[in-house]
Amino acid sequence: MSLNSVLLLGAILFAIGLYGVMVKRNVITILMCLELMFSGVILSAVAFSRYIPIELSSESNTSFILDGQIFALFIMAVVAAETTVGVALIICVYRESKTLFSSDISNLQN
Amino acid sequence: MNTELIIWSIFGLPLASFIIISLGIRGFVPNRPLLAPICSIGTSVLSFILSLYILVQYSSIDTNISSHSIINMSGLTLSFGILLNPLTVVMLVVVTVVSILVQFYSVGYMRKDPSFIRYFAYLSLFTACMLGIVISSNLIQLFIFWELVGLCSYLLIGFWHYKPSASYAAKKAFIVTRIGDIGFLIAILVVVSVQTNLENSNNILDLPNLITAISNGVFSSNQITIISLGLLAGAIGKSAQFPLHVWLPDAMEGPTPVSALIHAATMVAAGVFLIARFFPGIHSSIPDIMFLIACIGSFTALISALMALVMNDIKRILAYSTISQLGFMFAAVGFGAWGAAIFHLVTHAFFKALLFLLSGNISHGIPTHSFDLRNMGQLRTKMPFTFIAMLCGACSLAGIFPFSGFWSKDEILAEALSNQQYLIFGVLLITTFITSIYIFRIIHLAFLNPKKQMKGQQVPEKAHEANWIMNIPILLLSIAAIGIGVIINSPIDLGLINAHMFSSFIGAHVHDLNIQLMIISTIIGISGFIITFWYYNYPISIPSVLKNYLLKINNVITNKYYIDIIYEKYFMMKFIYSFLANFLHKIDEKLIDNTVNQIGATVKNSSHIIKQIQNGQMQVYAGFTSIGVLIFFVMFIIFIR
Amino acid sequence: MILGTTMDSNPVINIVFFMLSLMTIIVAFGVIRSTNIFRAALFLMCSFITIAGLLILLNAEFLAAIQIILNIGAVSVLILFSILLSKNVEKGNPSNQFKYQFLSLVVIIPIILIACISFIHTWIPDTTNSTTTIYPSSIVEMARTMLQRYVLPFEIASILLLSAMIGALSLIRKR
């Protein structure tokens, strides 16, 4: 287990998610694939904080700034918000056009 | 009080009235149209009072008003300022007075028009722009207002734009005056080109500096010729002199008060004003051009007086008469008597406004509402007030002692004599005679009971006087037509009134009293009246040979010397339409259009390829966005690392 | 010694990491390959669980707990709920035509390639051998970091969540 292996895993997850976002027709699946992409990013961020920690030395004790983990936490918050709004949007679109397939809702202005 | 502020408010008040009427009254209270004349007349009256204040206090106020630079470019400064001299003050008073009276008259004349408010907005703008011309100190500032006056005349001549003849006349007036304005523009460009090469910081676009520069030899003689010819062309276009006189008779399509305003104080006076503003200072450098001006003026005076003789439309007769009188002024400026020209401009403003308003009165009063002399006759008993006022105006125009036109016309003639311009003097004297004939012809045909009627003349059974709103301005103008000449510029001391007050005020040359000439010109004016009276009451039999000859001449004059036809048929149709426009059309079609079309077709064809991407599918958009990010990422790896 | 290629000394951790990675990739493929959308959502939940495991391996216990509570507990439920809109759950997860797959491969293959290249030739600069540095508890460190250094973004994130909630509610409100 090394930094590079975790980053590779993150990249693969990201790529799979991206493939899903671009290829799947169901908007719910697209949302799920977005989650996969975010997961890849979270993994990378945490891995950086794990392997390249920032030491903050003072006289009494040594503390670490876990920037990567904080970053991951914020990503999670954003993901939660994004999912909430996304699902709400899906429901709205479904009410309008009675479909969940992205190829059928290419005309949002009507 | 601050003089500059006063002058700017003289100009700004009618402008403010235009804005208030067009935006405020037209926008918010369109159902109360009487607010518009209240606003415009009120501001004009304020302007008039301020102008009068300037006139009275002129000797004690500071006339040196510095101009404000608006745009600064390297070597060229555009400044707006006020050129205050006696000429300015006189014009301010005349313009405001005439516009007040015309607006007042319009309240009665245009009362039933649906576009009442728009009409007063235009009138205010017209007045404001003319005042702008009068106060301008800068050539470009002058040009701006000059063009705005042209625009206003376009709007007002074409006021009844639903009439094809009105829109045609408006177009004609605008285009013909534009032809002269090209000359004006060329003159400005020459001045600008010299200014940019000039080292000292004197802005020669300012009129006083320009005149000083010309007399100091800053310009070469060719440049001076071009500048003065260009300004002359502008003035000729505006003042409807030969050969650009064709627009003025057609401008009669506008409402009659507008004609009065255009002919008396605003539009056509601008040309004479420009000439009188510019040329007296430089006349010694350009003697040939001054002679040219005199020739143009006297020639125009003669031919247009002849045209006025044969017309049947009362407004057209007056229009040709205006051209003729403006010719007098041009001739006067041409032989150096610009003071006499301005004096004639002032008196002419009053009596011509009077005559035009009266023609409106007549048309308003008779049942057919036409201006055709053939539909009038015997109006003396039905419209006595109008008749008497008309007589005042006519005597003034014919130059009969002691009406105001007599004094100014006499002054021009005397100046011509004293400058040894005998040919021009003769032409002007003949013109005076013809003038007297045509104006009394109107009186005979419209008001008296001619035994010899014109072909197809129908005497109206019913006619009535106009209401008091229309009569008050006429009364005031009649008084002015009778008395203004002797009051402002009497040749001898009259106790309260000093001799030559006007001439000495504007600083012009004062000539000696010429009693013989006065008697001669009055006799000529009265003889016109007698001849007309005799001709219409005791018809003479003319020998048939002479009659045929006269009919031919009559034919030529009735067709306006074929000038309109030459302009339209040969110049417009043959040269511009068939040759020039066709050529340009070919260039446009083959070269420019084709190029543009090819570019368009190329873009269209290539966009066929690109538009496949823009199919509205968000996943495709996401894909291309990712590709873009990826490209940046790869570049980052390659170049930044 | 290059930091990026440093292997953890403990072979058990290596084995667990490898297993979890494999599982994550497999369930991620499950999300995009299964035609049944309900099953895809279940695969997604599995991937959340494996990622939580990976987070624990990376000394981010707090984040792992959050992952389980938030993603598996809330987000997945939301997604499962929206799946109820699908008319045909059995065949509710189709793919687009080949054009899109080609386009996505154009993007994805470079990403994987770059990741693989960097896996072999890393450019991350060598720092001190910090793999051995053990910090006592990531939760304590994280709390200190979050509530001292990043307290303002933390509050802003809470406002973001609130506004997202209100926005979602106003979006789906029946008019």
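The structure we're discussing is the one just above.
Here's what I pulled together on the structure shown here. All of these numbers come straight from a predicted model, not from anything done at the bench. (Residues numbered from 1 in each chain as written. Chains lettered and ligands numbered in written order. Predicted model: local features only at pLDDT ≥ 70, side-chain atom pairs only at ≥ 80, totals over all residues. Heavy atoms only, no water.)

### Observations concerning the overall build of chain C
Then step 1. Helix and strand counts for chain C stand at 6 helices and 0 strands.
Then step 2. In sequence order, the secondary structure elements of chain C are arranged as α-α-α-α-α-α.
Then step 3. Looking at chain C as a whole, 39% of its 175 residues qualify as buried.
Then step 4. Long-range pairs, those at least 24 residues apart, make up 69% of the contacts in chain C between residues at least 6 apart in sequence.
Then step 5. Carbon and sulfur atoms make up 75% of the accessible area of chain C, which amounts to about 10,000 Å² in all. (Helix = DSSP H or I, 4+ residues; strand = E, 2+ residues; numbered from the N terminus. Buried < 20%, exposed > 50% of the residue type's maximum accessible area, 1.4 Å probe, protein only. Contact = heavy atoms within 4.5 Å. Areas by Shrake-Rupley, 256 points an atom, 1.4 Å probe, with all protein chains shown as cover.)

### Some thoughts on the interface of chain B and chain C
Then step 1. Across the boundary between the two partners, chain B contributes 13 residues, which contact 9 residues of chain C.
Then step 2. Here chain B packs against chain C, burying approximately 890 Å² in sum over the two surfaces, 82% of which is carbon and sulfur.
Then step 3. Counting across the interface, chain B meets chain C through 0 salt bridges.
Then step 4. Here the side of chain B that touches chain C is composed, by residue class, of 7 nonpolar, 5 polar and 1 charged. (Buried area = accessible area lost by both parts, 1.4 Å probe. Salt bridge = Lys/Arg side-chain N within 4 Å of Asp/Glu carboxyl O. Nonpolar A, V, L, I, M, F, W, Y, C, P; charged D, E, K, R; others polar.)

### Some words on a nonpolar patch on the surface
Residues and elements named next belong to chain B.
Then step 1. The grouping of Phe575, Phe579, Leu580, Phe583, Leu584, Ile587, Leu591, Ile592 and Val596 at the surface amounts to a nonpolar patch, some 840 Å² of accessible area in total.
Then step 2. Tracing the backbone through its elements, the reader meets phenylalanine 583 in helix H23 (residues 563-610).
Then step 3. Under the relative-accessibility criterion, phenylalanine 583 is labelled partly exposed at 49%. (Patch = residues over 30% accessible without salt bridge, like charges linked within 9 Å, V, L, I, M, F, W, Y side chains within 5 Å.)

### Details of the side chain of serine 521 of chain B
Then step 1. Relative to the helices and strands, serine 521 of chain B is located in helix H21 (residues 515-537).
Then step 2. Discounting residues that sit within four places of it in the chain, serine 521 of chain B has contacts with Gly399, Phe406, Asp410 and Leu413 of chain B.

### Some details on the interface of chain A and chain C
Then step 1. Between chain A and chain C, the contact holds 71 residues from the first and 88 residues from the second.
Then step 2. Both faces combined, the contact of chain A with chain C buries some 7,300 Å², and carbon together with sulfur accounts for 75% of it.
Then step 3. Taken together, the links from chain A to chain C amount to 0 salt bridges.
Then step 4. Summed over the shared surface of chain A and chain C, the result is 4 residue pairs in polar contact (both at pLDDT 80 or more).
Then step 5. Counting residues per element, the ones that place at least two in the side of chain A that touches chain C are helix H1 (3-23), helix H2 (27-51), strand E2 (62-65) and helix H3 (67-97) of chain A.
Then step 6. Partitioned by chemical class, the residues of the side of chain A that touches chain C number 51 nonpolar, 13 polar and 7 charged. (Polar contact = N/O pair within 3.5 Å; in protein donor to acceptor, adjacent residues only side chain to side chain.)

### Considering the nonpolar core
Then step 1. The biggest cluster of nonpolar side chains holds 205 residues, and the ones touching the most others in it are Val98, Trp247, Phe278, Phe279 and Ile439 of chain B.
Then step 2. For this core, the leading source of residues is helix H14 (residues 338-365) of chain B, giving 17 residues.
Then step 3. Non-local contacts of tryptophan 247 of chain B, meaning those with residues more than four positions away in its chain, are made with Ile157, Lys172, Ala173, Val176, Thr177, Gly237, Lys238, Ala240, Met267 and Val268 of chain B.
Then step 4. The next biggest cluster of nonpolar side chains, apart from the first, holds 80 residues, and it includes Tyr51 and Val79 of chain A together with Ile25 and Ala28 of chain C. (Core = buried A, V, L, I, M, F, W, Y, C linked by side-chain atoms within 4.5 Å.)

### Quick notes on the pattern of salt bridges
Residue and element names in this part refer to chain B.
Then step 1. One pass over the structure, following the stated rule, counts 4 salt bridges over all chains.
Then step 2. Arginine 178 is paired through a salt bridge with glutamate 147; the nearest N and O atoms lie 2.7 Å apart. In this pair, arginine 178 is assigned in helix H6 (residues 164-197) and glutamate 147 in helix H5 (residues 139-157), connecting sequence segments 31 residues apart.
Then step 3. Note that lysine 172 and aspartate 250 form a salt bridge whose closest N and O atoms lie 2.7 Å from each other. Residue lysine 172 is found in helix H6, and its partner aspartate 250 is found in helix H9 (residues 247-250); the two are separated by 78 residues along the sequence.
Then step 4. Exposure remark for lysine 172: the relative accessible area of 10% places this residue in the buried category.

### Regarding helix H17 (residues 404-418) of chain B
All names here are of chain B.
Then step 1. Over its 15 residues, H17 extends 22 Å from the first C-alpha to the last, a length consistent with the 21 Å expected when each residue adds 1.5 Å.
Then step 2. For H17, the buried fraction is high: 13 of the 15 residues fall into the buried class.
Then step 3. Of the residues flanking the end of H17, it is glutamine 420, one or two places downstream, whose phi is positive at about 60°. (Expected span 1.5 Å × (residues − 1).)

### Some remarks on unusual backbone geometry
Note on backbone geometry: most residues besides glycine have negative phi, and most peptide bonds are trans.
Then step 1. Its identity is not glycine, yet lysine 98 of chain A carries a phi of approximately 55°, on the positive side.
Then step 2. On the secondary structure map, lysine 98 of chain A appears in the segment after H3.
Then step 3. Unusually for a residue other than glycine, asparagine 59 of chain C sits at a positive phi of about 65°.
Then step 4. Residue placement: asparagine 59 of chain C occurs in the loop between helix H2 (37-57) and helix H3 (61-83).
Then step 5. Asparagine 59 of chain C sits in the partly exposed class, given a relative accessible area of 22%.

### Brief notes about the packing of helix H16 (residues 384-398) of chain B against H17 of chain B
All names here are of chain B.
Then step 1. Their axes nearest at 6 Å, the elements H16 and H17 cross at an angle of 10°. Accordingly, the angle class assigned to the pair H16 and H17 is roughly parallel. Contact with H16, carried on its side by Ser396, Leu397 and Ala398, involves Ser404, Gly405, Phe406 and Lys409 of H17 and no other residues of that element.
Then step 2. For the contact of H16 with H17, the per-class residue count stands at 3 nonpolar, 3 polar and 1 charged. (Axes fitted to C-alpha atoms, helices over the stretch in contact; angles between N-to-C directions. Parallel < 35°, antiparallel > 145°, perpendicular 65-115°, else oblique.)

### Observations regarding the packing of aromatic side chains
Residues and elements named next belong to chain B.
Then step 1. Across all of its chains, the model carries 13 aromatic pairs over all chains by this definition.
Then step 2. Judged by centre distance (5.4 Å) and plane angle (85°), the ring pair of tyrosine 119 and phenylalanine 120 falls under edge-to-face.
Then step 3. Phenylalanine 120 gets classed as buried once you look at its relative accessible area, which sits at 0%.
Then step 4. For the pair tryptophan 146 and phenylalanine 184, a centre-to-centre distance of 5.2 Å together with 75° between the ring planes defines the contact as edge-to-face. One end of the pair, tryptophan 146, is in helix H5; the other, phenylalanine 184, is in helix H6, and 38 residues separate them in sequence.
Then step 5. The buried category is assigned to tryptophan 146, whose relative accessible area is 0%. (Phe/Tyr/Trp six-rings, centres within 6.5 Å; stacked < 30°, edge-to-face > 60°.)

### Observations concerning the packing of H5 of chain B against H6 of chain B
Residues and elements named next belong to chain B.
Then step 1. In contact at an axis separation of 8 Å, H5 and H6 are set at 175° when each is read in the N-to-C sense. The angle between H5 and H6 falls in the class roughly antiparallel. Facing Leu139, Ile140, Leu142, Phe143, Trp146, Glu147, Gly150, Leu151, Tyr154 and Ile157 of H5, the residues of H6 in contact are Ala166, Ala169, Ala170, Lys171, Ala173, Phe174, Arg178, Asp181, Phe184, Leu185, Ile188 and Val191.
Then step 2. Partitioned by chemical class, the residues of the contact of H5 with H6 number 17 nonpolar, 1 polar and 4 charged.

Bear in mind that shape data such as this cannot, by itself, settle questions of function.
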